[in-house]
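Structural overview for review
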Amino acid sequence: MTDSTVLRLNGLSKRFGPVVANDDVSLTLAKGEVLALLGENGAGKTTLMNMLFGHYLPDAGSVEVADENGVLHSLPLGHPQAALAAGVGMVHQHFALAENINALDNITLGSEPLLALRRNRQAARAKIEGIIEHSGLKAPLNTPVGRLSVGERQRVEILKALYRDARILVLDEPTAVLTPQEADTLFENIKAMTREGLSVIFISHKLREVLAFSDRIAVLRHGRKVGEMATADADEKAIARMMVGADTPKVARTDMAPGAPVLNLSGISVSGRYKRDTLKGIDLEVNAHEILGIAGISGNGQSALANVISGLAAPSAGHIQVDGTKVPKPSPAAMVKAGIGRIPEDRHHEGIVGAMSVAENMVIERLDDPEVQSRGLLRRDAIRDNAERLAKAYDVRGPGVTASSRLLSGGNIQKLILARVFERAPRLILANQPTRGLDMGAAAEVGRRLLEARERGAGVVLISEDLDEILGLADRIMVIRDGNLVEAGSHDREKIGLMMAGEPA
Amino acid sequence: MIRIEPRENPSRAFAIGIPILSAVISLALAAIPLLAAGANPLTAYGEMIKGVFGSVFALSEMLTRATPLIFTGLAAALAFRAKLWNIGAEGQLYLGAMAAVAIGSGYLDAPGIVLLPLIILLGAGAGAAGMMAPTYLKVRFGADEVVTTLLLNFIILIFLQMMLEGPLQDPMGLGWPQSAPVLDQGMLPPLMERMRVHSGLIIALVLAGIAQFMLARSVWGFKLRAVGENAAAARHAGINVNRSLFGVAAISGALAGLAGVSEVAGLKGYLTSDLSPGFGYTGIVVAMLAGLSPAGVVVAALFIASVFVGADSMSRAMGVSSFLADLVVSMSLLCVLVGGFLAKYRILRTREAVS
């Protein structure tokens, strides 16, 4: 590892209207270094990388990238092509792969001249195989990407960047979709590549992996760089404090004896076209005073399970009991009526109607309620008062309850949904990825509310891809894999990780 | 470099100002073809204004023209609010008109107090049925309603021609393809002596008021808006999306059917296959100009009727083609679409950074 600088960001600033996304951020990256860019959601990590990559034009500042000889040149801003040509590669959190063509073609796609008559696939294959050998990033090249696992797809994305001779690789939350074991493999591969001279910036908000795998850490908060240190000198508590600007709110949970069953699923099957929509005769029981955590790699049937419990999917076999009473004809309305509160996975898409007001979104699940309507007409004053009260109680901040709910930030949208769900004192709460994309403060608030509901006597089904979250909140853990649900039996991270990956524990 | 960024908070003044500005700009742009036709634009605009507001008769003609546009504009606006793309108002209009003459031109010789409500109800029902069928195909089989409703227009028109040369043909009509006239007691009463404006206008205005109120204040309107803005969230929240779609389909079709009833039983008296010069399609323009607001539909319908009637009278006075009216209406729609875009997004010019 040498100390030569390969990338320098000088005083980058970016505003979106009144929001300052980045304020005078400077960073340097050395050859062969792994720099972790740490910060809460909305801290400006992705914006910064998008400026580096030319997707956004900075309001101020400049970017310099070294050429093969180590000489820094300033990069024309706002041109992704220029960034690519200078050897900057980016792997986004959401993959940009064409599912119906194979990995080889996905990797070469876009790096060939549009009007070339012949493609030199042999040369391309040889080059990719060379990269695979050096980096250890194994991926089947001849299989359509649609049939690859998430981990394999991610390796294809990285290979795509390396194929274009990237010397600087930016990874945006690379482990969000991986099992702990897959994540470890990924970081080993990255280590191998940095020994060959690759420099890596990886964006994350998981402290554990940052401390384990980076050389240096830069922390962003509210768009500013608030700290930078060598990982060797870093202290977990100090970094966490730097990220949130205060001590991390610790979720306190007390042990509690489970009560009577509130939700029973027996022999529930859902047949879907895709694996993620399929359940194969699962049994599940959740008791009062109990949080059941469902761990699993995304796409193993979590959506199907959530859809069954929230009434969106009709099971092809099996039946559902809430509080010991069978739900005869499951539908979203029937589930709400039976006392199930639902926190949907995609809060923007399923949680709120963005064009409607905060107040309207707070009553959207109880339009039959005489408090909300009388004789088919909305009681607008009551709806507004209800919203004012809930906004205060659940700390929903934004431009007011009569403003469009799409103007709220992600965390406040989630608080709106929490208010709507918890206000009805549900018997069972389905929380599907309830903290995804939330900053630490908002995530802790979600955890606190779930524990509060458990204390009150509700049962909770917590579906999450964040194993740490499940380990921290759940009383009991089940693992979902390939449409099957099995009891984990313990809170052993290693064992659950193996079960998620489908290996016998 | 030019970039487009969304505006943070499109204001209400913008939402109302943009259509008005678009209307003014489209009129200004009409000066170009007017000049090309050899007319003085200012005199031409003067003639247009005179042709609409110059006399009670002119005003009455404009209101007569606006009446079916309010009905079809409401039909489009409500359906579009639920993202149900009803392009079939033209066909539904004729279904309504056929129902009106089927019952009203002698089949049932009842007193007006019975016959008129019956004509209105049957006409609305026929229009509603005409929209329910494509909506069923959409909900059940996923058939795109833009295609089905549009194509249904032609089917209905040909069916109409068949009926006008068959069961509905006026036996006293000397073989012309037209229906027997609606009985006198079945006609919508005129609003003024010796003028063509009729009480269909009152029905249209009342319905626009009701639609405006229900959309904003009722649970029905709440569900409709939720389904249109985000069907997935509405479904998740327990709203029966299909029921909302069928409901608004029936109402949208009924409104278009009433346009037909109002033209037949308010104005013409009998049905021919050229009853509507495209009121169903113009209703879409009206709805878009109105920003899909029922109250806005009334204003937009008055504007477009003014352009049509004004251009007609101007073309007669100045000797230019009356197709100019279509030109202004089309341009105003384009201006509104561009204006709507500008209200939602801002266009920024940024200087290239040094390289």
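Residues numbered from 1 in each chain as written. Chains lettered and ligands numbered in written order. Predicted model: local features only at pLDDT ≥ 70, side-chain atom pairs only at ≥ 80, totals over all residues. Heavy atoms only, no water.

**Concerning the overall build of chain A**
From N to C terminus, chain A includes 17 helices and 22 strands. Scaling as 2.2 N^0.38, a compact globule of 505 residues should have a C-alpha radius of gyration of about 23 Å, and chain A matches this with 24 Å. C-alpha extents for chain A along the principal axes are approximately 75 × 50 × 50 Å. Across the 505 residues of chain A, 52% fall into the buried class. Contacts in chain A between residues far apart in sequence, at least 24 positions, make up 68% of those at least 6 positions apart. Only carbon and sulfur atoms are counted for the fraction: they give 49% of the accessible area of chain A, which is about 21,800 Å². (Helix = DSSP H or I, 4+ residues; strand = E, 2+ residues; numbered from the N terminus. Rg over C-alpha atoms; globule rule 2.2 N^0.38 Å. Buried < 20%, exposed > 50% of the residue type's maximum accessible area, 1.4 Å probe, protein only. Contact = heavy atoms within 4.5 Å. Areas by Shrake-Rupley, 256 points an atom, 1.4 Å probe, with all protein chains shown as cover.)

**Quick notes on the layout of surface pockets**
Its volume calculated, the second largest pocket comes out at about 710 Å³. Around the second largest pocket sit 26 residues that line it, and Ala333(A), Lys223(B), Gly238(B), Ile239(B) and Asn240(B) are the ones nearest its centre. Going through the elements one at a time, helix H10 (332–338) of chain A together with helix H9 (219–229) and helix H11 (241–268) of chain B are the ones with two or more residues in the lining of the second largest pocket. Partitioning the lining of the second largest pocket into residue classes produces eleven nonpolar, six polar and nine charged. (1 Å grid on protein atoms, 1.4 Å probe; cavity = no way out; pocket = protein on both sides within 12 Å on 5 of 7 lines; lining within 4 Å. Points joined across faces, edges and corners; volume = space filled by probe spheres on them. Nonpolar A, V, L, I, M, F, W, Y, C, P; charged D, E, K, R; others polar.)

**Remarks on the confidence of the model for chain B**
Summarising the model, chain B shows a mean pLDDT of 90, and 94% of its residues fall at 70 or more. Both confidence scores are given for the complex: pTM 0.78, ipTM 0.86. (pLDDT = per-residue confidence, 0-100.)

**Regarding the pairing of strand E19 (residues 428–432) of chain A**
Residues in a regular strand project their side chains so that they alternate between the two faces of the sheet. All names here are of chain A. Buried residues dominate E19, accounting for five of its five residues. Neither face of E19 is open: one carries Leu 428, Leu 430 and Asn 432, the other Ile 429 and Ala 431, and all of them are buried. Where strand E16 (residues 340–343) and E19 come together, four bridges link them in parallel fashion. Pairing of Arg 342 across the sheet is with Leu 430, part of E19. (Pairing = 2+ DSSP bridges.)

**A closer look at the nonpolar core**
A general tendency of soluble globular proteins is for nonpolar side chains to be buried together. Counting residues in each nonpolar core, the largest one holds 152 residues, and the members touching the most others are Phe422(A), Ile429(A), Leu450(A), Ile496(A) and Leu271(B). Excluding residues within four positions of it along the chain, Leu271(B) makes contact with Tyr94(B), Ala97(B), Met98(B), Val101(B), Leu160(B), Leu164(B), Pro177(B), Gln178(B), Ser179(B) and Val264(B). (Core = buried A, V, L, I, M, F, W, Y, C linked by side-chain atoms within 4.5 Å.)

**With respect to the environment of Phe308(B)**
Residue and element names in this part refer to chain B. Within the secondary structure layout, Phe 308 lies in helix H13 (residues 294–318). Judged by its relative accessible area of 12%, Phe 308 is buried. Between the alpha carbons of Phe 308 and Phe 80 there is a distance of 24 Å; along the sequence they are 228 residues apart. Aside from chain neighbours lying at most four places away, what touches Phe 308 is Arg 65, Thr 282, Ala 325, Asp 326 and Val 329.

**Quick word on the pattern of salt bridges**
Going through the model one piece at a time under the given rule, you end up with 32 salt bridges over all chains. With a closest N to O distance of 2.5 Å, Glu33(A) and Arg216(A) form a salt bridge. Of this pair, Glu33(A) sits in the loop between strand E2 (19–30) and strand E3 (34–38) while Arg216(A) sits in strand E9 (residues 216–221), and the two are 183 residues apart along the sequence. Neither Glu33(A) nor Arg216(A) differs from the other in exposure class; each is buried. As a salt-bridge pair, Lys50(B) and Glu47(B) come within 3.7 Å of each other at their nearest N and O atoms. Taken as a pair, Lys50(B) and Glu47(B) lie in helix H3 (residues 41–53) at a separation of three residues, close to a single helical turn. (Salt bridge = Lys/Arg side-chain N within 4 Å of Asp/Glu carboxyl O.)

**Overview of the sheet that holds strand E7 (residues 168–172) of chain A**
All names here are of chain A. Reading across from one edge, E6-E7-E8-E3-E9-E10 is the order of the six strands in this open sheet, with mixed pairing throughout. Either end of the sheet is taken by a strand with one partner, and the two such strands are strand E6 (88–91) and strand E10 (224–230). In this sheet, adjacent strand axes meet at a mean angle of 20 degrees when their direction is disregarded. As judged from the six bridges shared by E9 and E10, these two strands associate in the antiparallel manner. If you follow Arg 216 over to E10, its bridge partner there is Ala 230. Along the sheet, helix H1 (residues 45–52) contacts E3, E6, E7, strand E8 (199–204) and E9; its crossing angle with E8, the most-contacted strand, is approximately 150 degrees. (Axes fitted to C-alpha atoms, helices over the stretch in contact; angles between N-to-C directions.)

**Points about the environment of Ile107(A)**
Residue and element names in this part refer to chain A. You can see Ile 107 is positioned in helix H3 (residues 103–108). Judged by relative accessible area, Ile 107 falls into the buried class, the value being 0%. Measuring from C-alpha to C-alpha, the distance between Ile 107 and Arg 125 comes to 9.8 Å, with 18 residues separating the pair along the chain.

**Section: unusual backbone geometry**
Residues and elements named next belong to chain A. Notably, Asp 165 is not glycine yet its phi reads approximately 60 degrees, a positive angle. Mapping Asp 165 onto the fold places it in the loop between helix H5 (150–163) and E7. With a phi angle near 45 degrees, Glu 173 is a residue other than glycine that sits in the positive phi range. Looking at the secondary structure, you find Glu 173 in the loop between E7 and helix H6 (180–195).

**Notes on helix H7 (residues 145–164) of chain B**
Residue and element names in this part refer to chain B. Taking 1.5 Å per residue as the helical rise, H7 with its 20 residues ought to reach 28 Å, and the 28 Å between its terminal C-alpha atoms agrees with that figure. For H7, the full list of buried residues reads Glu 145, Thr 149, Asn 153, Ile 156, Leu 160, Met 163 and Leu 164. On the buried face of H7, the contacting elements are helix H5 (89–104), helix H6 (112–141) and helix H12 (279–289). Two or three places before Val 146, at the opening of H7, Asp 144 has a side-chain oxygen 2.8 Å from that residue's backbone nitrogen. (Expected span 1.5 Å × (residues − 1). Polar contact = N/O pair within 3.5 Å; in protein donor to acceptor, adjacent residues only side chain to side chain.)

**Some remarks on the sheet that holds strand E22 (residues 484–487) of chain A**
All names here are of chain A. Strand order in the open sheet made by the six strands is E16-E19-E20-E13-E21-E22, with mixed pairing throughout. On the outer flanks of this sheet lie E16 and E22, each paired with one strand and no other. Each strand of the sheet is rotated relative to its neighbour by a mean of 20 degrees, with strand direction disregarded. Docked against the sheet, helix H15 (residues 440–456) engages strand E13 (290–295), E19 and strand E20 (459–463), running at close to 135 degrees with respect to E13. Strands E13, strand E21 (476–481) and E22 of the sheet are contacted by helix H17 (residues 493–501), whose axis makes an angle of about 25 degrees with E21.

**A look at the packing of H5(B) against H7(B)**
Residues and elements named next belong to chain B. Two elements in contact, H5 and H7, have axes separated by 8 Å at closest approach and are oriented at 25 degrees. Viewed along their axes, H5 and H7 adopt a mutual orientation that is roughly parallel. Crossing of H5 over H7 shows left-handed handedness. Taking contact as the criterion, the partners of Ala 89, Glu 90, Gly 91, Gln 92, Tyr 94, Leu 95 and Met 98 in H5 are, on H7, Asn 153, Ile 156, Leu 157, Phe 159, Leu 160 and Met 163. Classifying every residue of the contact of H5 with H7 gives nine nonpolar, three polar and one charged. (Parallel < 35°, antiparallel > 145°, perpendicular 65-115°, else oblique. Left-handed = near helix turned anticlockwise from the far one by under 90°.)

**With respect to H13(B)**
For H13(B), with 25 residues, the first-to-last C-alpha span of 35 Å sits near the 36 Å given by 1.5 Å per residue. Downstream of H13(B) by one or two residues, Gly319(B) has phi in the positive range, about 75 degrees.

**Observations concerning the packing of helix H4 (residues 56–81) of chain B against H12(B)**
All names here are of chain B. Taken N-terminus to C-terminus, the directions of H4 and H12 make an angle of 65 degrees; their axes are 7 Å apart at the nearest point. One finds that H4 runs roughly perpendicular with respect to H12. Here H4 and H12 pass one another in a crossing that is right-handed. Of H12, the residues touching H4 (which contributes Arg 65, Pro 68, Leu 69, Thr 72, Gly 73, Ala 76, Ala 77 and Phe 80) are Phe 279, Gly 280, Thr 282, Gly 283, Ile 284, Val 286, Ala 287 and Met 288.

**Re the packing of aromatic side chains**
Residue and element names in this part refer to chain A. For the structure shown, the criterion picks out four aromatic pairs over all chains. Ring centres 5.1 Å apart and planes at 55 degrees place the aromatic pair Phe 187 and Phe 202 in the tilted group. You can see Phe 187 sitting in helix H6 and its partner Phe 202 sitting in strand E8, a full 15 residues away along the chain. On the basis of relative accessibility, which here comes to 2%, the residue Phe 187 falls in the buried class. Ring geometry for Phe 187 against Phe 213: centres 4.2 Å apart, planes inclined by 10 degrees, an arrangement best described as stacked. Note that Phe 187 is positioned in helix H6 and Phe 213 in helix H7 (residues 207–213), a separation of 26 residues in sequence. (Phe/Tyr/Trp six-rings, centres within 6.5 Å; stacked < 30°, edge-to-face > 60°.)

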